[in-house]
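Architecture at a glance
Letter by letter, the chains look like this.
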Amino acid sequence: MKLLDTINDPADLRKLPRTQLTPLAHELRQFLLDSVSKTGGHLSSNLGTVELTIALHYVFNTPEDRIVWDVGHQTYSHKILTGRRERMPSLRQLNGLSGFPKRDESEYDTFGTAHSSTSISAALGMATAAKIKGEKRKAIAVIGDGSMTAGMAFEALNNAGVEDDVDLLVVLNDNDMSISPPVGALNRYLARLMSGQFYAAAKNVGKTMLPAPMLELAKKLEEHAKGMVVPATMFEEFGFNYIGPIDGHDLDSLIPTLENIKKLKGPQFLHVVTKKGQGYKLAEAEPILYHGTGKFNPSEGIKPAKATKITYTEVFGNWLCDMAHVDKRLVGITPAMREGSGMVRFNQEYPDRYFDVGIAEQHSVTFAGGLATEGMKPVVAIYSTFLQRAYDQLIHDVALQNLDVTFALDRAGLVGADGATHAGNYDIAYLRCIPNMVVMAPSDENECRKMLTTAYRFDGPAAVRYPRGAGVGAAIEPALDVIEIGKGVVRREGKGVAILAFGSMVAPSIKAADGLNATVADMRFVKPLDVELVKQLAQNHDYLVTVEEGCTMGGAGSAVAEALAEAGIAKPLLILGLPDRFIDHGDPALLLASVGLDAHGIGKSIRERFGIGEPRLVVNNT
Ligand SMILES: Cc1ncc(C[n+]2csc(CCOP(=O)(O)OP(=O)(O)O)c2C)c(N)n1
Ligand SMILES: CC(=O)[C@@H](O)[C@H](O)COP(=O)(O)O
Ligand SMILES: [Mg+2]
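For clarity, every value in this text was computed on a predicted model and none was experimentally measured. Along each chain, residue indices are assigned from 1 in the same order as the chain's sequence is written. The lettering of chains begins at A and the numbering of ligands begins at 1, in the order of writing. Where totals are concerned, whole chains, interfaces and linings use all residues; where local detail is concerned, this predicted model gives features only for residues with pLDDT of at least 70, and gives and counts side-chain atom pairs only at 80 or more. Only hydrogens and water are removed before side-chain values are computed, so all heavy atoms of the structure are retained for them.

A pair of strands is labelled paired if DSSP reports no fewer than 2 bridges between them. Strands here are runs of E lasting at least two residues and helices are runs of H or I lasting at least four, both read from the DSSP assignment and numbered beginning at the N terminus. Spatially, the seven strands line up as an open sheet ordered E7-E6-E8-E9-E11-E10-E15, and their pairing is mixed. Two strands bound the open sheet, and with one partner strand each, they are strand E7 (354-356) and strand E15 (525-527). The average undirected angle you get between the axes of adjacent strands in this sheet is 20°. Looking at chain direction, strand E8 (residues 377-383) and strand E9 (residues 406-410) are connected through five bridges and run parallel. Pairing of Val379 across the sheet is with Thr406, part of E9. Whenever a helix is involved, its axis is fitted only over the stretch in contact; in every case the axis is a line through C-alpha atoms, and angles between N-to-C directions fall within 0 to 180 degrees.

Pasting the structure below:
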């Protein structure tokens, strides 16, 4: 029997002798590779945290001690060791295991994560609660070097470092990678800590320039460095007891260190060094490719995808390069999502105008604002869900000053396997209420390109929101043409019912309209809304329907309702979109169908609401 099969919860793990942990790690790594290659998922980060996960559950008394995993994309080993091994084949599928920690999935998932850099704040909250309630337990935040770049992580360190009597441990899992290669001064600093050069530099500086007491300090630094218990200026300055760096794949190093830390009070900081993709050569060599995978054969590795339809992300990436070619003022900004946002080619072709600012959505928006004040033309490529982080910056630092920033909002609407945390359901509602903003939603790839150009040429803040994956397969015109701002187009003439569709919902609405003989308008603009078109459709039809892949509350349908009310038009109006609940992970088409946003669902909702019968089957008897 395999060791792994005997572990149904961490209590079983803690019964094993230390000598069995290394064989267990081998089994776990093999299980991960087999399992993720069949389901898809976040592979490299999980392969890199096998030993760390075993060590944490072995040393600490989970779930009594709380572990908060930052982002949570590295928690598959944690799921396997906490009673969910047999559910791994359902990972990220409808009604299956989530790809992230979820409080309602297991008591070991102490905090829901997926957006990065929240773990230290949450663990500090837990440690503080334990202190107030007089309960003895550790709260442990496990955070990656990429996630450590976010302001929020530093806000938490700043808060925690002065709390001498909280039982908090921050484990920095430093694999020298974000999704893409890591960026910024923090990364440089961590690299210096790891190489020990920092201490050599301190010593040299001490010898040549420093007065006697500082020389003494430099000597101490060197001594500590040799003993691997290194005072790291920055984390110590924040008030943490810094320990490390230690090898995060060496259980003989991890376990005694964690056992020692367990006895210490106050904020502790353990710096662990791991390798993304550890143990699977292909992932070690290409951690970016294996960060998030589909299904693949582990003995062959990921094969280049067969040419299928171009994705919206690629439409954006190509547009960005074309626009940069004709306008030297263009700068492209990504908060740590170069690959996902389609900016690899732009990075290669325009390295001086490409800015990966780290996982720093707030900064990315204000940085763009600053660039715009100087006449540059910033394009911020950002996932709809991550722009939520920068809402104040969007209002205060861009829109209020009417600055010329283009927002390319990827992953708008349901995203599928990543689930509710990553779904871009709210951007229409949160953008349309901001003065000065222009908000567009393309119905196909060609319209997307035109809208990006329109947003870019518009002298003010403008957003184009487009979904994950491919569109309808429309031919893309190479020209950089604009469309008229605030104008929709009628795509199908019909009678009785007019469907006012936005973005990705235009295609299924047209299909639905065939069975209803309804009119369909591609509204194109959420803001400014084409009020004239709304009035005209209201005049010529009995019923109006709006359809959007966004929350119905405050969304594009609400905009239409407001316009009708403003014009004093009373017309039966059905608003279709995403309901007022979080929608879990699963296949995107199934998810859309489950909320009635496929052609069948749209047609059905319209018939039911307005009492329109099924289309009669015409039988040709001749
Ligand atoms: C707020 C936010 N922005 C962006 C992301 C997308 N994202 C997920 S993992 C990741 C890289 C994290 O790097 P690190 O913490 O070092 O973990 P690793 O992938 O190296 O294991 C990014 C950018 C996110 N989840 N949350
Ligand atoms: C964990 C995380 O936030 C990212 O890795 C995310 O899963 C990427 O999503 P896409 O696959 O849509 O780029
Ligand atoms: Mg990392």
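There is more to say, and it comes next.
The next subject is the coordination of the magnesium ion (ligand 3). For the magnesium ion (ligand 3), the full set of protein donor atoms is Asp145 (OD), Asn175 (OD1) and Met177 (O), at a range of 2.0 to 2.1 Å. Distances decide who is a donor: an N, O or S atom must be within 2.8 Å of the metal, or within 3.2 Å for Na, K and Ca. Water is not included, so sites may look incomplete. Here the donor residues of the magnesium ion (ligand 3) are spaced in sequence according to D-x29-N-x1-M. One end of the pair, Asp145, is in the loop between strand E2 (139-144) and helix H7 (151-160); the other, Met177, is in the loop between strand E3 (168-174) and helix H8 (184-195), and 32 residues separate them in sequence. On the accessibility criterion, Met177 (13% relative accessible area) is buried. The classification of residues rests on relative accessible area computed with a 1.4 Å probe and restricted to protein chains. Under 20% of the type maximum is buried, over 50% is exposed, and intermediate values are partly exposed.

What follows covers the domain arrangement of the chain. Here the chain is described as being made up of domain 1 (3-293), domain 2 (312-465) and domain 3 (489-610). All the domain ranges listed were derived from an automatic or database domain assignment. Using C-alpha coordinates to define each centre, domain 1 is positioned 47 Å away from domain 3. When checking whether two residues touch, look at their non-hydrogen atoms; a contact exists if any pair is within 4.5 Å. Facing the seven residues of domain 1 at the interface are five residues of domain 3. Buried area: the accessible surface (1.4 Å probe) lost by two parts on joining, summed over both. In total, about 420 Å² of surface goes out of reach between domain 1 and domain 3, with carbon and sulfur atoms giving 57% of it. When the area that domain 1 buries against domain 3 is broken down by residue, the three leading residues are Arg92, Leu94 and Lys102, summing to 77%.

Let us look at the site of ligand 2. The environment of ligand 2 is formed by His42, Val71, His73, Phe100, Ile179, His291, Tyr383, Arg411, Asp418, His422 and Arg468. A distance of 2.9 Å is found between an oxygen atom of ligand 2 and a side-chain nitrogen or oxygen belonging to His291. Contact distances for ligand 2 include 2.6 Å between an oxygen atom and a side-chain N or O atom of Tyr383. Here ligand 2, which alone exposes 360 Å², has 84% of that area covered by the protein. Partitioned by chemical class, the residues of the shell around ligand 2 number four nonpolar, four polar and three charged. Composition of the shell around ligand 2 by domain shows at least three residues from each of domain 1 (3-293) and domain 2 (312-465). Here a residue is considered near a molecule or strand provided that any single heavy atom belonging to it is located within 4 Å of it. Whenever a nitrogen or oxygen atom comes within 3.5 Å of another N or O atom, the pair is scored as a polar contact, on the condition that within protein one atom can donate a hydrogen and the other can accept it, and that pairs from neighbouring residues in sequence are kept only if both atoms are in side chains. Per-residue and other accessible areas follow the Shrake-Rupley method at a 1.4 Å probe size, with only the shown protein chains counted as cover for residues. Gly falls in the polar group here, along with every residue not listed as nonpolar (Ala, Val, Leu, Ile, Met, Phe, Trp, Tyr, Cys, Pro) or charged (Asp, Glu, Lys, Arg).

Buried within helix H18 (residues 391-399) we find Gln393, Leu394, Asp397, Val398 and Ala399. Down the axis of H18, the smallest arc covering the buried residues is 155°, so these residues share one side. Contact partners of the buried residues in H18: helix H16 (361-373), helix H17 (384-387), E9 and helix H19 (427-432). Note: the arc covers the axis-to-C-beta directions of the helix.

This part is about the packing of helix H4 (residues 50-59) against helix H12 (residues 251-262). Interhelical geometry of H4 versus H12 gives an angle of 35° and a closest axis separation of 9 Å. Here the hand of the crossing between H4 and H12 comes out right-handed. Note on element contacts: H12 touches H4 through Leu251, Leu254, Ile255, Leu258, Glu259 and Lys262, opposite Glu51, Leu52, Ile54, Ala55, Leu56, Tyr58 and Val59. When grouped by side-chain class, the residues that make up the contact of H4 with H12 number ten nonpolar, no polar and three charged. When the near helix sits turned anticlockwise from the far one by under a right angle, the crossing is termed left-handed; a clockwise turn instead gives a right-handed crossing.

So, about the UniProt feature "binding site: Mg(2+)" (unreviewed entry) in the chain. UniProt positions are given in the numbering used here, feature names are shortened, and annotations may be inferred rather than shown by experiment. Within this structure's numbering, the places UniProt gives as "binding site: Mg(2+)" (unreviewed entry) are Asp145 and Asn175. Look at the named residues: they lie 31 residues apart in sequence, but the longest C-alpha span between them is just 6.9 Å, so in the fold they bunch up. With residues near it in sequence (within four places) discarded, Asp145 still touches Leu172, Asn173, Asp174, Asn175, Asp176, Met177, Pro182, Leu186 and Leu190. Mapped onto the secondary structure, Asn175 falls in the loop between E3 and H8. What makes Asn175 buried here is its relative accessible area of 14%. If sequence neighbours within four positions are ignored, Asn175 has contacts with Asp145, Thr274, Lys275 and Lys276.

This part covers the pairing of E2. By the criterion of burial, E2 is predominantly enclosed, with six of the six residues buried. Of the two faces of E2, the one lined by Ala139, Ala141 and Ile143 and the one lined by Ile140, Val142 and Gly144 are each fully buried. As judged from the four bridges shared by strand E1 (residues 66-69) and E2, these two strands associate in the parallel manner. Paired with Ile67 across the strands is Ile140, a residue of E2. With six bridges connecting them, E2 and E3 associate as parallel partners. Within E3, the position partnered with Ile143 by the bridge is Leu172. In this view, the connection linking E2 to its parallel neighbour E3 by way of H7 has right-handed handedness. By the criterion used throughout, a crossover qualifies as right-handed when its path from the first strand across the helix to the second strand runs clockwise, the strands pointing away from the viewer.

All right, on to the UniProt feature "binding site: thiamine diphosphate" (unreviewed entry) in the chain then. What UniProt calls "binding site: thiamine diphosphate" (unreviewed entry) maps, in this numbering, to His73, Ala114, His115, Ser116, Gly146, Ser147, Asn175, Tyr280 and Glu361. Of the residues just listed, which span 289 residues, the most distant C-alpha pair is 32.0 Å apart, and they do not cluster in one region. Mapped onto the elements, Ser147 comes out in the loop between E2 and H7. Since its relative accessible area comes to 6%, Ser147 is described here as buried. Positionally, Glu361 belongs in helix H16. Look past the residues within four positions of Glu361 in its chain and what remains in contact with it is Pro335, Ile382, Phe386, Arg389 and Ala390.

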